[in-house]
Amino acid sequence: MTKTIHIKNMVCNRCKTVLKQELEAIGVEIINVELGKVTFKINSEIDLSTIKKIVDTNGFEVILDDNELILEEIKIALILLLDKSNDESLSSYLTQKIGREYSSLSKLFSKKEGITIEKYFINLKVEKAKEFIQMGNLNFSEIAYSLGYKNSSHLAQQFKTIIGMSMSDYKNIKNWERKPFDQII
């Protein structure tokens, strides 16, 4: 028999790896690990409180509330969207991905997080742009295109508004500070 637990703040591949290793180290048989959730075989020797303790110790949180689960699903869907080339609107994408009307998702997100989904997604894009700048493999136009912008000036404007400096200035300072995706808001 298997059990799936949903986990808050598990938003990157490193998060998945750490949690998988920690759980396997205590004898949990992992079936699947995805952003935001872990499926494992139920083992009579390991109780759920032990698993929860490992989740908590690693800076994550087991999600028990339905609204919290929806918020985490939205965040994970947006993080996954960063790596896709997609012309679909944000509202259509989230409606299809989560299976709920966008208006209800938007209201819940704004109420609980104090920011709109659109602004949150822009913040994610800016953090991803910072990552691309640090890697140094792409020019600013290529970064903008890879993040779904039609031109680099739109990204440059949003970057400057959020970060307080131009992308060029950010590239040149070399004192790069980035927020982990789980700390954006």
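Residues numbered from 1 in each chain as written. Predicted model: local features only at pLDDT ≥ 70, side-chain atom pairs only at ≥ 80, totals over all residues. Heavy atoms only, no water.

Novice: For this particular structure, what's the right way to read the pattern of salt bridges?
Specialist: Under the counting rule described, the total for this entry stands at eight salt bridges. Between Lys52 and Asp56 there is a salt bridge; the shortest N-O distance is 2.9 Å. Separated by four residues within a single helix, Lys52 and Asp56 lie in helix 2 (residues 48-57), roughly one turn from each other. Judged by its relative accessible area of 34%, Asp56 is partly exposed. Glu113 is the salt-bridge partner of Lys75, the closest N and O atoms lying 3.1 Å from each other. With Lys75 in helix 3 (residues 66-82) and Glu113 in helix 5 (residues 102-113), this pair connects stretches of sequence that are 38 residues apart. By sharing partners, the salt bridges in this structure join Asp83, Lys128 and Glu131 into a single network. (Salt bridge = Lys/Arg side-chain N within 4 Å of Asp/Glu carboxyl O. Helix = DSSP H or I, 4+ residues; strand = E, 2+ residues; numbered from the N terminus. Buried < 20%, exposed > 50% of the residue type's maximum accessible area, 1.4 Å probe, protein only.)

Novice: Explain the nonpolar core to me, please; I cannot follow it from the model alone.
Specialist: The nonpolar side chains of soluble globular proteins are, as a tendency, buried together. Counting residues in each nonpolar core, the largest one holds 36 residues, and the members touching the most others are Ile74, Leu78, Leu94, Ile117, Leu147 and Leu155. Every element with two or more residues in this core is listed here: helix 3, helix 4 (90-98), helix 5, helix 6 (117-135), helix 7 (140-146), helix 8 (152-163) and helix 9 (167-173). By residue number, the principal contributor to this core is helix 3, which donates nine residues. Leaving out residues up to four positions away in the same chain, Leu155 has contacts with Ala129, Ile143, Ala144, Leu147, Tyr149 and Met167. (Core = buried A, V, L, I, M, F, W, Y, C linked by side-chain atoms within 4.5 Å. Contact = heavy atoms within 4.5 Å.)

Novice: Please clarify how helix 2 should be interpreted in this entry.
Specialist: Every α-helical turn comprises 3.6 residues, leaving residues that sit three or four positions apart pointing alike. Turning to helix 2, its buried residues are Ile51, Ile54 and Val55. For helix 2, the arc enclosing every buried residue in end-on projection is 100 degrees, short of the 170-degree limit, so these residues lie on one face. Facing away from the buried side of helix 2, by more than 90 degrees, are the exposed residues Lys53 and Thr57. At the exit of helix 2 stands Gly59, carrying a positive phi of roughly 85 degrees. (Arc of directions from axis to C-beta.)

Geometry only, nothing functional implied.
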